[in-house]
Amino acid sequence: MNKLGNLFAYYYSRYICYFINKTFFFFLINVILITKTQAQNHAPEFTSNPITTVNDTEIYRYPISASDFDGDVIEVTAPVLPEWLALTNYWVSTFAGSGIGYLDGAGVSAKFDGPSSVAIDKSGNLYVTELNNHRIRKISTDGNVTTLAGSGVAGYLDGIGIDAQFNKPGGIAVDGDGNIYVSERANHTIRKILPDGTVSTLAGSGFPGYKDSIGTNSEFSSPRGIDVDVLGNIYVSDYNNNVIRKITPDGIVSTLAGSGMLGFEDGVADTAEFRYPTDVTVDDQGHIFVCDSRNHVIREITIEGMVLTAAGTGESGFIDGAQNVAEFRFPYGIAVDGSGNLYVADGFNESVRKINSDGYTSTLAGKMSPGYKDGTGIEAKFNGVGPLALDSLGNIFMTDFNNHRIRKIESYPLLYGIALGNAGTHPVQLKVTDSQEAYSLQEFIITVNDIIPPEALCISDTVLYLNENGNANIDALGIDNGSNDASGIASLIIDSSSFNYENIGSPLLVTLTATDNFSNESTCTTTVIVLETIPESAPEFISTPVTTVIDTQNYNYNISAFDTNGNPFLISA
């Protein structure tokens, strides 16, 4: 404040300077903006502490976190990294389900049969449609699975909770008030579930067809994906009719896009063509995105009513790249985040793809071959990737249809690797860089502790003979049969190495101790038998006689023999 009573205040984190002028009986506030380009850029900083030790029996896992004071976009890289470690940005785990069946319970103890689609409410609870159990399941934020609605018997009955009946429930969405919307493949309807579990029919007559109308007077044909916008409008991918339908909050059903003809045609909404659309999502601005499954592309329906191709060439394949380069193979599910990034369950590629706001497609998790495996994005395997949903933290939840599980993909930098066979010290350097190219480094040493003992291997029983002095000796190498360790063998020691007349005849146990370079030990034993003298044996011929000769040549046979006891011998004929 100056002498005139004027106050200056600098709001540091927003780069705003306030000038408060005291005039008359009130303050006039003048705001002077200081642009960010005029302020000093701050380098991002790591906020996580590295994991510096791990045993060679364990998996190394270091979740990395960093922040930027200026709010810039940051990227973590690893300029120095041992070969056995990898830096990944995605981690796949099993959130719920342990295989086929029907069982409520905690997380992976629960069972599903054909989980088809998933949605998430504003509190973080998940809702899952089960195609084969004909039920709607709820998964709380702590992973507890319960049955929200459906008796488990295929049918068509409105009611409360488990008294209601569904037939092949497919898509699912949740609005801001907690109302749930379910598309039914076999009943050809859109059902609504209130927060108290009351199930009613919002639209569809229960018979397959194609008719725009109000509520149950309308007709669908095997509706699949479903989503709801901020105004409560519902969007449905009407699979067999090859159109996208819209249902207003008061139940009026209309065709938003698609002529109803099978094909691949961009353009004005009512003349555009789709080929079996499987899923639909809508962003906060009202842009609608569609999985056009058998055209192998992602379509966009603009606010102006135009249909465009957002990603994909129309050819079936698995290629990351720009909008007109990327290829998909029967894309099945789609979701959009607050920044306009799209996430696609790429059906026959068994992968999760990301299309950024610039239209570039990359692969987050999974890669073509079906299976079941948690782990880093590139290591993970799915079998029937299904529709997906995003929570407020950017985590992806998705149905894994043929594995009968709900999978979770977390997005954060992670240093990951298998420590086995990598005992020793390993330098690591991580780098976090912001969009202004300012950066910070995090350097540390990872020590892999070798706690796996070496493999001690002994030969089978051995025989020793006393020498002329009445002694018999053996060393560790004499009974070692290839003892080994990943870090190397530091020493081999035996507990008995010298024998005499007192040891003759009786089998003796000898123990070999193998020690590796990290002082881990293991042992093996063998039997030693001591005999008085080397038994006498006759000398033997070791040469092969010449049995033929030409009559014009001299016969010549060089004879050689050997005595194992070293005794002199005489050859006679």
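Residues numbered from 1 in each chain as written. Predicted model: local features only at pLDDT ≥ 70, side-chain atom pairs only at ≥ 80, totals over all residues. Heavy atoms only, no water.

**Some thoughts on the pattern of salt bridges**
Applicable threshold: Think of a salt bridge as a Lys or Arg side-chain nitrogen and an Asp or Glu carboxyl oxygen that are within 4 Å of each other. The secondary structure listing takes helices from DSSP runs of H or I that are at least 4 residues long and strands from runs of E that are at least 2 residues long, numbered from the N terminus. Relative accessibility decides the category of a residue: with a 1.4 Å probe and only protein chains considered, values under 20% of the type maximum give buried, values over 50% give exposed, and everything between is partly exposed.
Throughout the structure, instances matching the rule amount to 12 salt bridges. Taking the shortest distance from any N to any O, the salt bridge between Asp212 and Arg245 comes out at 2.9 Å. On the criterion of sequence distance, the pair formed by Asp212 in the loop between strand S19 (198-203) and strand S20 (223-228) and Arg245 in strand S22 (residues 243-247) is long-range, its members being 33 residues apart. On the basis of relative accessible area, Arg245 is assigned to the buried category, the value being 0%.

**Remarks on the layout of surface pockets**
Operational definition: Site definitions follow a grid-based scheme: protein atoms alone, a 1 Å grid, a 1.4 Å probe that fits but cannot get out for cavities, and for pockets an open set with protein on both sides within 12 Å along at least five of seven lines, plus lining residues having an atom within 4 Å of a point. Grid points are joined across faces, edges and corners, and a volume is the space filled by probe spheres set on the points. Ten residues, namely Ala, Val, Leu, Ile, Met, Phe, Trp, Tyr, Cys and Pro, are considered nonpolar, four, namely Asp, Glu, Lys and Arg, are considered charged, and the remaining ones, Gly among them, are considered polar.
Estimates place the volume of the largest pocket at around 890 Å³. Along the walls of the largest pocket sit 36 residues, with Ile120, Val174, Asp227, Val336 and Leu390 positioned nearest its centre. At the level of elements, strand S11 (115-120), strand S16 (169-174), S20, strand S25 (277-282), strand S29 (331-336) and strand S34 (385-390) are the ones that each hand at least two residues to the lining of the largest pocket. Of the residues assigned to the lining of the largest pocket, the class counts are 18 nonpolar, eight polar and 10 charged. Taken as a whole, the second largest pocket holds about 740 Å³ of empty space.

**A closer look at the side chain of Asp337**
Where we set the bar: His is not counted, nor are the chain ends, whereas Lys and Arg count as positive and Asp and Glu as negative. What qualifies as a polar contact is a pair of N or O atoms within 3.5 Å, subject to a donor-acceptor requirement within protein and to the restriction that residues adjacent in sequence count only when both atoms come from side chains. Contacts between residues were defined by any pair of non-hydrogen atoms, one from each residue, lying within 4.5 Å.
Positionally, Asp337 belongs in the loop between S29 and strand S30 (342-346). Put simply, Asp337 is tucked away with no salt bridge, and the nearest opposite charge, on Lys354, sits 5.6 Å away. At 2.9 Å, the side chain of Asp337 forms a polar contact with the backbone nitrogen of Ser339. Among the polar contacts listed, one links the side chain of Asp337 to the side chain of Tyr343, at a separation of 3.0 Å. Sequence-distant contacts of Asp337, defined by excluding residues within four places in its chain, comprise Tyr343 and Leu390.

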